[in-house]
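Analysis of the macromolecular model
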Amino acid sequence: MSLRQKLLLLFSLTVAAAVAAVAWTVLVRIRHVFEISNQEETALFVSQFQREFQHRSQEVAAAVNRVASSERARSMAFEVAQSGDAAPYLTEAQSMAQDAQLEFLEIVGADGKIVSSAQWPARFGYPEPAAANATTKPFLKSEDLPDGSTALGLFAVQAVGTTEIRLIGGERLDQSFLADLPVAPGMQIGLYSDTNIFTTTVNLKTGATTPAVMAFDPARLLGPNGAVPAAGQYKNLIDGVLSSRQQVSSIVNPTGRREDSLNATAIPLTNEQGDVMAVLVVAISRSGMVEAQQHSLLIDVRDSPCERQFARAFDVQRRPGNPFLVVRACKHLFCNHAMWNERRHVQDLLVNADCKALPGSEFPGKVHPFRPKPVVYANDV
Amino acid sequence: MLRRFAISLFLVLVGTCAWGRTRPHYGGSLHVEVASDPWNGMARRLVLDGLTALDASGVVRPALASDWQSDSADHRWQFRLRQGVNFHDGSPLNATAVVMALNIACNASCPWTAVRAVGSTVIFTGDSPMPNLPALLAGDAYLITLTRTADGQTPANPIGTGPFQVTSLSSALLTLTANESCWRGRPFVDEITITGNRPIRDQWLDLSVGRTDIAEVPPQELRQAQLQHLTLLISQPVELLALEVSDTGVLANAVLRAAIAQAVDRSAIFNVIFQKQGEVAASLLPQSRTGCAFLFPADRDLNKANELRGGLTPPPLTLAADGDPTMQLAAQRIALNLREAGFNLQVANAHNAPHADLALRKLPLQGADPAAALETLLRAAGENVSVASRNSTSLYRAEHDVLDLKTLIPLLDLPRAWAIGSRARDVRLRADGTPDLADVSLESTQ
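Below is a summary of the structure that appears in this document. (Residues numbered from 1 in each chain as written. Chains lettered and ligands numbered in written order. Predicted model: local features only at pLDDT ≥ 70, side-chain atom pairs only at ≥ 80, totals over all residues. Heavy atoms only, no water.)

1. Some thoughts on the overall build of chain B
When helices and strands are counted, chain B shows 13 helices and 23 strands. Its C-alpha atoms give chain B a radius of gyration of 24 Å, near enough to 22 Å, the size a compact globule of 446 residues would have. Its C-alpha atoms put chain B at 90 × 55 × 45 Å along the principal axes. Here chain B holds 446 residues, and the buried ones make up 51% of them. Sequence separation of 24 or more characterises 68% of the internal contacts of chain B that already satisfy a separation of 6 or more. Accessible surface computed for chain B: about 19900 Å², of which carbon and sulfur atoms make up 53%. (Helix = DSSP H or I, 4+ residues; strand = E, 2+ residues; numbered from the N terminus. Rg over C-alpha atoms; globule rule 2.2 N^0.38 Å. Buried < 20%, exposed > 50% of the residue type's maximum accessible area, 1.4 Å probe, protein only. Contact = heavy atoms within 4.5 Å. Areas by Shrake-Rupley, 256 points an atom, 1.4 Å probe, with all protein chains shown as cover.)

Quick look at the structure:
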């Protein structure tokens, strides 16, 4: 082998290594940028969820407080305390709940047993442990309903006057609650709630509950518009949250296509005892990142011959499933480029490689229009 | 002397005025409001008569039949029709019309095998003895209505022989006018309007402003009605709230039915849902009728229920109840009780679940004769049985045999009550707890 050949080989190897290094760096960079973006969006949504949650909590607490301080409730509490007969107030909770626009309301006697229940009138006489254990701070509780189902609710407890009679009222935390949250396009949210998952055995006589984890039920994962598509794909994510009681993130692929995959984060919603009452799922589409990784977007060949060589090498070495991202600052710079042939060559390569040439100003919007702009500068390449 | 005469005259005048005030007046229109369909038991009793009738104390009295006799050990009954009775359209009551009406009214669980007209008598024959036939014929199911008019047409409105005839009938309003030629004599009021499907609170409101004269008071609302100082007429227990349990499917297992019977908490239903009105019942007939109701335990035994169920996990069952909110609530409570005993029950409206595994129903408790009352009740529950018991021991045995099957679980004996307005006078209750409006008169509007 002649020196010339050796030099050429060395040069080629150097170029190839450099290209591989740059490609890897670009991919890592893109992934990193998108991950940060996803985290920021998730954090933003979670903070919005918490704000709304706090707001609803305050509303529920205020409504229960209003009912408890009403003359009607005080009179009822006085009569029950005096006579010890709560039977005449069997339907009282229903009318009180209607007045206060609460979905759930129960009147609980001094003995901890239900006097009247708006959501399940037949439950009178059964104990309601939540009324005794809870503080004035709103809390999450799953509520059994007459049709055998359960509903997750945001509850508050308030004593009526100075008596030991308490009101426990709440609102349902379901898809209508999610519908009120501002959700960015490309983001999917869901709430997985079913107390049967966590408390299978409820002793109606003593009120004692025995926690146990039951099988994942995709029908329990509801979004703002009803059932979440391909909810079964979230099984591992939700099971992970239920077992660890901590936030878990993973990639979910509902259709099997990479561009439809989602970056999902599951956040546990717990009660005061730390039991997971529901799981909030926030999933952000990865289509932008996948598109960015699958398409060579731009080549900046305006600067040095070295960079032009890189650009050419990117396209030459491009293989299906191993795409490169090539970045330039501004598309029209091609026209101003001194080496017209070089420009044509690069453009031809781009077209042959199913690539697009975009100006830097368009780049973030095309890649992902609704998130912080991931910018990769030509100089970084 | 003159002074004494003046005082005596004054007292006589006052007495005359008082007597005049208590004398019933003819005329006027009586308004009644009910929560159910207006063509209910009360209205049917005003328009139609049976061959026999129960008086206020539940004793069987002649009605369209003037007398009756049985032979062949109660296998054959002969009822002689009252003479001079006409239907509202003027056609005379005869045995053929009665037989036609009974054949239409009678369903598969008919007490008799055959009924035929012979002259002015109606003859019932049965394969088994029918000791309680006169009492059974007093029931709502066997009221005589004209099935064909003189020109062979089917009447648009019910035509009977009762003190009132139907003028107009719709789903919400029934208008009745007095039958001038009623065999019982003309009723006092000229017209009765029965407004149906009216909520209870609206009825009471109408009563308070004089828009109605008689309003319904369900047992669970009695306490509230008393607090509102309504004038109330309350009957003895005339209905049995009972849980009918199917003996097919998974409930063909008698042990499961027994577990259900043990799991139901009657006291909660009585104390809270029905507001302590009526009485808790574990027997089919009340203590006042048989004297042996106390022998049937009414207490709940959840441990025994769980023990009886053993390791069996029955599939989900359906419990049907009327659409009435109180009945639905009682059904929900029973479902909750049974859930504790390991049964999974879904409550449904009776209209939507005709073949439910369990049904919560109100059954009639009528008649002074316990055997007849028991047979009437069992027939209403769909049991085609004949009760011939004439003493307490055999009656207890008959009741025990039925209850031992666990297909009928008694829960409560319930009264009926009505709120009466200031205009209506001489309102009395029938044996079935409905007001007898044939003898009601109205205070003079002047």
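2. Some words on unusual backbone geometry
Residue and element names in this part refer to chain B. For histidine 229, which is not glycine, the phi torsion reads 60° and is therefore positive. Within the secondary structure, histidine 229 sits in the loop between α6 (222-227) and β12 (231-234). Here lysine 276, not a glycine, exhibits a phi torsion of approximately 65°, which is positive. Secondary-structure assignment places lysine 276 in the loop between α8 (266-273) and β14 (279-280).

3. Examining the side chain of aspartate 413 of chain B
All names here are of chain B. Looking at where aspartate 413 falls in the secondary structure, it is placed in strand β18 (residues 408-414). Buried within the structure, aspartate 413 lacks any salt-bridge partner; its nearest side chain of opposite charge belongs to arginine 289, at an N-O separation of 8.5 Å. When residues no more than four places from it in sequence are discounted, the contact partners of aspartate 413 are Pro237, Glu239, Leu240, Gln277, Gly278, Glu279, Ala281, Pro286 and Leu365. (Lys, Arg positive; Asp, Glu negative; His and termini not counted. Salt bridge = Lys/Arg side-chain N within 4 Å of Asp/Glu carboxyl O.)

4. Observations regarding the sheet that holds strand β6 (residues 114-118) of chain B
Residue and element names in this part refer to chain B. On the basis of which strands lie adjacent, the open sheet formed by four strands has the order β4-β5-β7-β6 and antiparallel pairing. Each end of this open sheet is capped by a strand with a single partner; those strands are β4 (65-71) and β6. The sheet shows a mean angle of 20° between the axes of neighbouring strands, taken without regard to direction. Relative to strand β5 (residues 76-81), β4 runs antiparallel, the two being bridged by six bridges. Residue pairing for β5: aspartate 71 is matched across the bridge by arginine 76. Where helix α3 (residues 95-105) meets the sheet, its contacts fall on β5, β6 and β7 (121-125), and the angle it forms with β6 comes to roughly 165°. (Pairing = 2+ DSSP bridges. Axes fitted to C-alpha atoms, helices over the stretch in contact; angles between N-to-C directions.)

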